[in-house]
Each structure stands twice: as structure tokens, then as C-alpha cells.
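Each chain, written out:
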Amino acid sequence: MPGELPIPEMADVDLGAVLSALADPHRRAVVLELVGGDGGERACSSFPLPIAKSTRTHHWRVLREAGLVRQRDAGNGTFVRLRRDEFDARFPGLLDVVAEISTAGSSPVRRASRPAPPPRPAEPSGRA
């Protein structure tokens, strides 16, 4: 497609690079918005990232090179789309788990039920 920036083939997408890309809260917020969207293309400028334009460009490149998104230049704008179907085929359920964990604000370990602590021994009353 004309204007499309280079991306890795899905067979070459490395899970470590994906997790590294998602470790940054700004990049993760972008992916979460795309996961929750309609699957369509969005203007990169439509994301409310409170960072400099040069830093935004860096984040787009990291997401693209990790294989998470497709990005294309079109005139004065750049557009992005999540590679959802391809990604789900390669790493089934990963994006949903990341979205669930991020939405809950904690890791699955913290949300899991824990056994009750053992009862405390009774305090001596001091009476005979």
C-alpha cells in the first residue's frame, strides 16, 4: 500500500519486543484505545498523548517495529491501525489479557483470591 511504513512479518514478531513496547504507559494507552475501538484506522494525532511530537514519533516507531500496528503516511497526517487479527493468530488472547489487566489496574496475581491468614493465638488473660 502506498505510504505504508515498513513493519515486520508476523512470523518475525518477537514476544519480548511486544512486551517491551507495551511496558511504556503511553504506548500501552494507545494500544488499549485501539483494542477498544472498531478496528478501523485512526489519525495518530487523535490520541491524547501529553508528550512532545518527537517523542510521539518515537513511540509510533516502537509500536510499529514491535509488530503491533500498521502505520501509513497520507499527506499531512499519519494514520495507525492495530494488527488485531494477525496478532491474535500469532499470540492468541494476549491483547485481551493486557487490556483486562490494564483496565483492572492490577496484575492477575493481585486480583486472585488468597487464602485467609492463620488465626492468631489467644492472648493470655493474666487471670488464674
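Residues numbered from 1 in each chain as written. Predicted model: local features only at pLDDT ≥ 70, side-chain atom pairs only at ≥ 80, totals over all residues. Heavy atoms only, no water.

**Overview of the overall build of the chain**
Scanning the chain from terminus to terminus reveals six helices and three strands. The secondary structure elements of the chain, listed N-terminal to C-terminal, are α-α-β-α-β-β-α-α-α. A buried classification covers 27% of the 128 residues belonging to the chain. Long-range contacts, defined as pairs at least 24 residues apart, comprise 62% of the intrachain contacts of the chain with a sequence gap of at least 6. Looking at the chain as shown, the accessible area adds up to about 8400 Å², and 55% of this sits on carbon and sulfur atoms. (Helix = DSSP H or I, 4+ residues; strand = E, 2+ residues; numbered from the N terminus. Buried < 20%, exposed > 50% of the residue type's maximum accessible area, 1.4 Å probe, protein only. Contact = heavy atoms within 4.5 Å. Areas by Shrake-Rupley, 256 points an atom, 1.4 Å probe, with all protein chains shown as cover.)

**Section: helix α3 (residues 53–66)**
The terminal C-alpha atoms of α3 lie 20 Å apart, and with 14 residues this matches the ideal 20 Å at 1.5 Å per residue to within 8%. Within α3 the residues assigned to the buried category are Arg 56, His 59, Trp 60, Val 62, Leu 63, Arg 64 and Ala 66. Summarising the contacts, the buried residues of α3 are in contact with α1 (15–23), α2 (25–35), β2 (69–74) and β3 (77–82). Phi for Gly 67, located one or two positions after α3, is positive at around 95 degrees. (Expected span 1.5 Å × (residues − 1).)

**Considering the sheet that holds strand β1 (residues 42–43)**
Strand pairing in a sheet is mediated by backbone hydrogen bonds. Such pairs are either parallel or antiparallel. Read across the sheet, three strands follow the order β1-β3-β2 without closing on themselves; strand pairing throughout is antiparallel. Each edge of the sheet is formed by a strand with only one pairing partner; in this case those strands are β1 and β2. In this sheet, β3 lies alongside β1 in antiparallel orientation, the contact comprising two bridges. The partner of Ala 43 across the bridge, within β3, is Phe 79. Where α2 meets the sheet, its contacts fall on β1, β2 and β3, and the angle it forms with β3 comes to roughly 70 degrees. (Pairing = 2+ DSSP bridges. Axes fitted to C-alpha atoms, helices over the stretch in contact; angles between N-to-C directions.)

By themselves, these are just geometric observations and shouldn't be taken as functional.
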